[in-house]
Amino acid sequence: MREIYKTTRLSVASVLFVAVIIVGLITTRRPDIEYALTPQQTIEKLKNSNNEISPLEVAKSMKVGGNQFVCIDLRSPYDFSKGNISGSVNIPANRILEKESLEFFDKNAGKTATIVLYDENQSLANGPWMILMQLGYTNVKMMQGGWDFYAKMNLESPDQNLSWQVETPKYNYAAIKASSSQSVTSGTPAEKKEVVLPEKKVKTKKVEGGC
Amino acid sequence: MNKTYVILALVLVLLGIGLIFLKANPNNTEIPPDKLLNELNDNTHYISTDDLAQRIIEGDPSVQLIDVRTAKDAAGFMLPGAINVPMGDLLTEESKAVLTQDGKDFIFYCNGDILANQAWIISRRAGLARLHVLKGGLNCWVETILQPKPPAPTEPQEAFDLYQARLGASQFFTGATIEVKKSETKENVDLTKKTKTRKVEGGC
Amino acid sequence: MGPLIPSNILDPSWNNVIALIVGIAFGFILESSGFSSSRKLAGVFYGYDFVVLKVFFTAAITAAVGLYYFEYVGWINMSLVYINPTYVASTIVGGMIMGLGFIMGGYCPGTSYCAAAIGKIDAIVFSTAMLVGILIFSEFYPLLESFYNSGFLGNVTVYEVLGLPVGWFMIILIVVALGAFYVTSLIQDKIKEVDY
Amino acid sequence: MDKSKKYWNPYFGGVMLGLLLLATIYVTGRGLGASGAAKSTVVTVVDAVAPIHAENSAYYSKFLSDDKHPMNEWLVFEVIGILAGAFLSGALSGRLKFVVEHSPKITTKSRLIMAALGGLAFGLGSQFARGCTSGAALSGMATLSLAGFIAMMSIFGTAYAFAYLFRKFWI
C-alpha cells in the first residue's frame, strides 16, 4: 500500500502556512527605535564607566570657550530662554527620541566632544541619559547638580562642599538611628534586622514537558 | 522530479533565508524606549518620603522596599523591611523572584535618587510593573523624616501639620516613642488624619 | 502573547481538553501518513520506504521555522517554551536503547498506540512491553540515578551550543533535509518494492 | 484489500504534523509526547498494587503528589486522543483489522516476541532519554533543543547500525 503521490493538498497546506507567516510579518510593527544595549550590558556600563560630569568642569570649559562639551538643555523652551549654559542646545526631555533629535545625536555620536545632558536637577537628566545610553550613544554624559546648581555656582570659590553629588550619603544613617534609639536600646549600634527573602515565585511558570 | 516539490523546496529555503535577515530574538516583553521615556517624563514613579513613611506606619503590607546600594552600605543601615538588591544583581533570578511577588509595590531607594532611578529604568524596561523610586532617597529621608526641621513661624498651617506628622514619624522610625509616651501617642493618632489632606511638600 | 497557557492567557484547566484535541489530531495524522504499519516504518532502514524520514523531517522543520517566525512576529515568547534539558550521556544511551527497540519492534511509542488503535496485535504487545520496560527502569532507578543525571548541560538549543545564529542553523537544517529527501527518493527508486 | 484507501503524501503528513506541533507549542508551550503516558500508567499501577513501595522509590515518588492523580496528566489525555484519532483515521480508510503484521519470512510468534523485546527496549530507553521519538526527538528538534538532536541521531544511528542484523524480520 503506497502513498498518494498527488501534491494538491500539500501545496494548499504549504501556501496556508506561508500565508500565516506573511500575515504575521505584515501585521507586526517593529518599534522604530530599538535598544542597542542589553539590560546586562547597561548594568555593566553603569558600573564600569564614569557617566557624570561635574558642573565645575563644564563651567571651566565654557569659560575658556573650548569645544570639549556639547551641552544639551533638557528643560522646556521657556526655561531655556530664561537662562542656560552658553552654547547649549535645547532639546526638551520629552522630545529626545524625535527624529530631528536623534539625527542630532547621531551627528555628534562619533566625535570626541562629550555630549552633556542637563536638566533642572540631575535626577531629571538621568532618565533621558539612561535612554540614550541604552540606545548605544557612548559619548553622552549627564551633568551633576543640574541647572539649579550651575546657575548658583560661584566659579571663584569652587569649594561648595561638592553638594551636587547627590549620591553621596550626607548623613551617617546608622549613627542617627543609634543615637535616637539610645534611650530604648541603651547603646546598641545600628539595629540589625534579618531580612527574610521572599519565597521564589515566578509568575509565568515554565512548563514541564517531555514524555 | 515533480515540479511542485521543487517549488516547495525553494519556498522552504526562502523561509530559512528570511530567518537569517530577521533580527534574532527580539525580546518582545521589553518596554520600547519611547514608552519608557514617556513614563519617565510623567514623573509618576516617584514616591515622596512622607508618603512612604505614612505607608510604613500604617503597616501597608504591599510596600516592598528595595535598597539598591552596595551590600556594604546596606549592611550598615536599611529602611525597615527592605531587601538589598545591588545594581549589579538586578537581573539575577533571585532579584527577579523578589521583584515579581504578587501584590507588592516595589520602591527603589539609594542615598540620593539617581541610582534608584537607574534601577527603576532597567527593571521597567524588562517589563516589570508597580515599580517606584523614593524621591530624594535616604538623604531626604533623614532630612524630612528622621530629623525634620521646624517650619518658620510665617509659614502656613499646613507646614506645621506636616511638621507634626514628621515628628510622629520620626519617633516611629527611631524608636524613641517610649520615652515620651503620653503626649506622643496622642500625636501618633492625630497624624493619620491630618496628613491625609497634606498639601505642603517641604524638604528636598 | 503565546504560549497561551504558560502566560496565563488561557486557563490551565483547559489543558486536558487541549491535550485530547491535540492527541486526536496527532493520532489521525500519524495513522493517515502510514505510521500504523511497522513494516512501513522499518522501511526507512532498508531503503524501501522513507516515510518516517520524510514526515519526521518535514514536521520538525515546519514547526521550527514557524516557531521562530512566530517569535519574530511577537506571537510567542520563546523563553516560556519548554526546551528539554540536555543530559548528554543518558540521552545517548537512551537513544541507543530506543534505536535497538525501534529496529526490533518496528514501532515507537506514539506509532504503537496508533497501530494498536486500528487492531495491530503486535502493536498491542509492543505497548504493553513498554510498560514493563519502564517498570524495570523505575525499579533499578537507584542504581541508575547518578548516570541518569550525568552530563547535564541545561536547557540548551543546538544553535547556542554551536554558536550560530538561528537563521544560519535553520538554513543548514533545511538544506540537509532537502538533500536527504532527494537522495532517499533516488534510493527508493532503485530498491525493489516490498509488498506489505 | 483494495477497498482501503491510500496513505497521505508523506510530505503532506509532515507539514500537517509540523503545523500541529506548532499549534501545540503555541497553546501549551510544550511539544507532543507519548511515552510519558505509559510512565503515568506504570506509576498508577505500582501505586495501586504497592503504595508503600511507590512512595519510597526515588523514581515513582517524583510523579506522585497528594493533590493530583498520576493519571491526571497532559500526556495521558493526549494518548487517549491519539488512540481515538488513529481509530478514526483507520475507520475512514478501512484499515481496521486485527492482524499481526510481519514479513513473510517469519512466523507470527517470532514477530510478537520481537515486538515485545522492542517495546521493552523502548520503555527502558525512553526513560533514560527523558522522552521518546515524539517527545524528545520530534518536539526537541522543533524547538531546536540539543537534547532533541542528540536523541534523534542516537535513535536512528543505532537503528541503522543494527538494521542488517534484523533484516529478515522486515524485508
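Since this is a predicted model, take the numbers as computed values, not measurements.

Looking at the overall build of chain D
Scanning chain D from terminus to terminus reveals 8 helices and 0 strands. Helices and strands in chain D line up, N terminus first, as α-α-α-α-α-α-α-α. Long-range contacts, defined as pairs at least 24 residues apart, comprise 56% of the intrachain contacts of chain D with a sequence gap of at least 6. Surface accessibility of chain D: about 6900 Å² in total, with carbon and sulfur atoms responsible for 68%.

Examining the sheet that holds strand β1 (residues 52–53) of chain A
Residue and element names in this part refer to chain A. Reading across from one edge, β1-β5-β4-β2-β3 is the order of the 5 strands in this open sheet, with parallel pairing throughout. Two strands bound the open sheet, and with one partner strand each, they are β1 and β3 (89–90). As defined by bridge partners, strand β2 (residues 69–73) adjoins β3 across 2 bridges and the pair is classed as parallel. Across the sheet, D73 pairs through a bridge with N90, a residue of β3. Its contacts with the sheet put helix α6 (residues 122–134) on β1, β4 (114–118) and β5 (140–143), and the angle it makes with β5 is roughly 175°.

Observations regarding the interface of chain D and chain C
Listed as interface residues are 116 residues of chain D and, on the opposing side, 121 residues of chain C. For the chain D and chain C pair, buried surface summed over both sides reaches about 10500 Å², with 76% attributable to carbon and sulfur atoms. Area buried by chain D at its contact with chain C is led by Y26(D), F128(D) and W170(D), which between them contribute 9% of it. Seen at the junction of chain D and chain C, the total is 3 salt bridges. Here E101(D) and K120(C) are joined by a salt bridge, their closest N and O atoms 4.0 Å apart. Listing elements by their share of the side of chain D that touches chain C, those giving two or more residues are α1 (10–28), α2 (35–49), α4 (60–63), α5 (74–92), α6 (108–128), α7 (133–142) and α8 (146–163) of chain D. For the side of chain D that touches chain C, the class distribution of residues is 71 nonpolar, 34 polar and 11 charged.

Brief notes about the sheet that holds strand β3 (residues 83–84) of chain B
Sheet strands line up and pair through hydrogen bonds in the backbone, either parallel or antiparallel. Residue and element names in this part refer to chain B. The 5 strands lie next to each other as β1-β5-β4-β2-β3, forming an open sheet whose pairing is parallel. Every interior strand has two partners, whereas the edge strands, β1 (46–47) and β3, have only one. Across 5 bridges, the pairing between strand β2 (residues 63–67) and strand β4 (residues 105–109) is parallel. What sits directly across from V63, in β4, is D105. Across the sheet, helix α6 (residues 114–125) touches β1, β4 and β5 (131–134), and the angle it forms with β5 is around 175°.

A word on the pattern of salt bridges
On inspection of all chains with the given rule, the structure shows 12 salt bridges over all chains. Between D67(B) and R69(B) there is a salt bridge; the shortest N-O distance is 2.9 Å.

Looking at the packing of helix α1 (residues 8–27) of chain A against helix α1 (residues 3–21) of chain B
Two elements in contact, α1(A) and α1(B), have axes whose closest approach is 11 Å; the angle formed by their N-to-C orientations is 20°. In terms of their interaxial angle, α1(A) and α1(B) are classed as roughly parallel. Handedness of the α1(A)/α1(B) crossing: left-handed. From α1(A), L10(A), S11(A), S14(A), F17(A), V18(A) and I21(A) reach across to α1(B), where they touch T4(B), Y5(B), L8(B), V11(B) and L15(B).

Considering α1(D)
Residues and elements named next belong to chain D. If you check α1, its first and last C-alpha atoms are 26 Å apart, about what 19 residues at 1.5 Å a residue would give, namely 27 Å. Where burial is concerned, most of α1 is hidden: 16 out of the 19 residues are buried. One side-chain oxygen of the residue at the start of α1 lies 2.9 Å from the amide nitrogen of Y11, identifying that residue as N9. Backbone geometry just downstream of α1 places G29 in the positive-phi region, at approximately 80°.

Here's the deal with the nonpolar core
Counting 129 residues, the largest nonpolar core has F45(C), Y68(C), M170(C), L17(D) and L144(D) as its most contacted members. It is helix α3 (residues 51–73) of chain C that provides the largest number of residues to this core, a total of 18 residues. With near-sequence residues (within four places) excluded, L17(D) lies in contact with F26(C), I29(C), L30(C), V55(C), A59(C), L32(D) and L138(D). Counting 53 residues, the second largest nonpolar core, distinct from the first, contains I115(A), A125(A), W129(A) and I121(B).

Some points on the pairing of β4(A)
The two faces of the sheet receive side chains in turn, since in a regular strand these alternate between them. Residue and element names in this part refer to chain A. Of all 5 residues in β4, 5 are buried, a share of seventy percent or more. Burial along β4 is two-sided: the face carrying T114, V116 and Y118 and the face carrying I115 and L117 are both buried. The pairing of β2 with β4 spans 5 bridges and is classified as parallel. Of the residues in β4, the one forming a bridge with F69 is T114. Pairing analysis gives 3 bridges linking β4 to β5, with the strands arranged parallel. Each bridged residue has a counterpart across the sheet, and for L117 the counterpart in β5 is M142. As for the winding sense of the linkage, the β-α-β connection from β4 through α6 to β5 is right-handed.

Quick notes on the pairing of β5(B)
Residues and elements named next belong to chain B. Side chains L131 and V133 project from β5 onto one buried face, and the interleaved H132 and L134 project onto a second face that is buried too. Across 2 bridges, β1 lies against β5 in parallel orientation. Bridge assignment links Y46 to a residue of β5, and that residue is V133. Judged from the 3 bridges that link them, β4 and β5 form a sheet pairing that is parallel. Following the sheet pairing, F108 is matched in β5 by V133.

A look at the environment of T49(B)
Residues and elements named next belong to chain B. Within the element layout of this structure, T49 appears in helix α3 (residues 49–57). Since its relative accessible area comes to 4%, T49 is described here as buried. C-alpha of T49 to C-alpha of G136: the two residues are 87 residues apart in sequence and 7.7 Å apart in space.

Topic: a nonpolar patch on the surface
The grouping of L20(C), I24(C), I80(D), L88(D) and L92(D) at the surface amounts to a nonpolar patch, some 410 Å² of accessible area in total. Among the elements that make up the nonpolar patch, the one with the highest residue count is α5(D) (3 residues). For L92(D), a relative accessible area of 54% corresponds to the exposed category.

About the criteria used
- Residues numbered from 1 in each chain as written.
- Chains lettered and ligands numbered in written order.
- Predicted model: local features only at pLDDT ≥ 70, side-chain atom pairs only at ≥ 80, totals over all residues.
- Heavy atoms only, no water.
- Helix = DSSP H or I, 4+ residues; strand = E, 2+ residues; numbered from the N terminus.
- Contact = heavy atoms within 4.5 Å.
- Areas by Shrake-Rupley, 256 points an atom, 1.4 Å probe, with all protein chains shown as cover.
- Pairing = 2+ DSSP bridges.
- Axes fitted to C-alpha atoms, helices over the stretch in contact; angles between N-to-C directions.
- Buried area = accessible area lost by both parts, 1.4 Å probe.
- Salt bridge = Lys/Arg side-chain N within 4 Å of Asp/Glu carboxyl O.
- Nonpolar A, V, L, I, M, F, W, Y, C, P; charged D, E, K, R; others polar.
- Parallel < 35°, antiparallel > 145°, perpendicular 65-115°, else oblique.
- Left-handed = near helix turned anticlockwise from the far one by under 90°.
- Expected span 1.5 Å × (residues − 1).
- Buried < 20%, exposed > 50% of the residue type's maximum accessible area, 1.4 Å probe, protein only.
- Polar contact = N/O pair within 3.5 Å; in protein donor to acceptor, adjacent residues only side chain to side chain.
- Core = buried A, V, L, I, M, F, W, Y, C linked by side-chain atoms within 4.5 Å.
- Right-handed = clockwise from strand over helix to strand, strands pointing away.
- Patch = residues over 30% accessible without salt bridge, like charges linked within 9 Å, V, L, I, M, F, W, Y side chains within 5 Å.

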